[in-house]
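# Chains, contacts and geometry: an overview
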Amino acid sequence: MDIRILGSGDAEDYLMLRLEALQQSPEAFGSSFEEEKDQTAAKYKERFDSSQDAVTFGVFVDSRLVGVVTLVKEKLVKMRHRANVVAMYVTPRKRGSGIGKALLSKVIEQAKELPEIEQIYLSVVQQMNQQ
């Protein structure tokens, strides 16, 4: 397992995993597959190269992107001490293997390195089993 910050060269893999996430766990994201299915990797290339307020980590297993998480710093003056953990996803076939825990550990480590960040916020959505 290799965890690292994603760059523009990872944009295509990220897009594919994001579309999978929107299909597999639609309740966990603010965007829908229908809204994002026509996006291109160029959107994420630009985001990964230019963002100073967010960092996205990816987990690679056998050179394949299988999990992601993004840390987003708040921009408002009174909230600059906060960061949010968003867009976390691990492909179903790799769940239960510690990838999610490793991603959260990495994002917390990153937040600790940012002198202005004092608080990290995480919202969790529980998928209900449908019977």
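Look up a bit, the structure's there.
In this text, all values refer to a predicted model and were calculated from it rather than measured experimentally.

### Considerations on unusual backbone geometry
Phi at D62 takes a positive value of approximately 55 degrees, unusual for a residue other than glycine. Its location among the elements puts D62 in the loop between β2 (54-61) and β3 (64-73). Phi angles above zero are rare outside glycine, and A87 is one such case at about 55 degrees. Secondary-structure assignment places A87 in strand β4 (residues 82-90).

### Thoughts on the sheet that holds strand β5 (residues 119-122)
Strand pairing in a sheet relies on backbone hydrogen bonds, with the paired strands running either antiparallel or parallel. Reading across the sheet, the 5 strands line up as β1-β2-β3-β4-β5 and stay open at both edges, with mixed pairing between neighbours. Unpaired on one side and paired on the other, β1 (2-5) and β5 mark the two borders of the sheet. Strand after strand, the sheet turns through a mean of 25 degrees between neighbouring axes, direction not considered. When β1 meets β2, the two strands line up antiparallel, connected through 4 bridges. Note that in β2 the partner of I3 across the bridge is V59.

### Let's talk about the side chain of T70
Mapped onto the secondary structure, T70 falls in strand β3. A polar atom in the side chain of T70 sits 2.8 Å from the side chain of T56. Those residues within four positions of T70 in sequence are excluded, and the remaining contacts are Y14, A54, V55, T56, N84, V85, V86 and A87.

### Observations regarding the environment of L122
Among the secondary structure elements, L122 is positioned in strand β5. Spatially, the C-alpha atoms of L122 and T91 are 19 Å apart, while their sequence positions differ by 31 residues.

### Focus: the environment of A28
Examined against the element boundaries, A28 turns out to sit in the loop between α1 (11-24) and α2 (33-36). Overall, the relative accessible area of 37% leaves A28 in the partly exposed class. Separated by 97 residues in sequence, A28 and V125 have C-alpha atoms that sit 5.6 Å apart.

### Some thoughts on α1
For the α-helix, the turn length of 3.6 residues means that residues three or four positions removed from each other point alike. Between its terminal C-alpha atoms α1 stretches 20 Å, which fits the 20 Å expected from 14 residues at 1.5 Å a residue. The set of residues buried in α1 consists of A11, Y14, L15, L17, R18, L19, E20, A21 and L22. Contact partners of the buried residues in α1: α2, α3 (41-50), β2, β3 and β4.

### Overview of the packing of aromatic side chains
Under the counting rule described, the total for this entry stands at 3 aromatic pairs. With centroids separated by 6.4 Å and ring planes inclined at 40 degrees, the aromatic side chains of Y44 and F48 adopt a geometry described as tilted. You can see Y44 and its partner F48 sitting in helix α3, 4 residues apart, about one turn around the helix. As far as burial versus exposure is concerned, Y44 and F48 are alike and both buried.

### Structural notes on helix α4 (residues 99-112)
Counted at 1.5 Å a residue, the expected span for α4 with its 14 residues is 20 Å, and the 20 Å between its end C-alpha atoms agrees. Turning to α4, its buried residues are I99, G100, A102, L103, V107, Q110 and A111. Next to the buried residues of α4 lie β1, β2, β3, β4 and β5.

Cut-offs and rules
- Residues numbered from 1 in each chain as written.
- Predicted model: local features only at pLDDT ≥ 70, side-chain atom pairs only at ≥ 80, totals over all residues.
- Heavy atoms only, no water.
- Helix = DSSP H or I, 4+ residues; strand = E, 2+ residues; numbered from the N terminus.
- Pairing = 2+ DSSP bridges.
- Axes fitted to C-alpha atoms, helices over the stretch in contact; angles between N-to-C directions.
- Polar contact = N/O pair within 3.5 Å; in protein donor to acceptor, adjacent residues only side chain to side chain.
- Contact = heavy atoms within 4.5 Å.
- Buried < 20%, exposed > 50% of the residue type's maximum accessible area, 1.4 Å probe, protein only.
- Expected span 1.5 Å × (residues − 1).
- Phe/Tyr/Trp six-rings, centres within 6.5 Å; stacked < 30°, edge-to-face > 60°.

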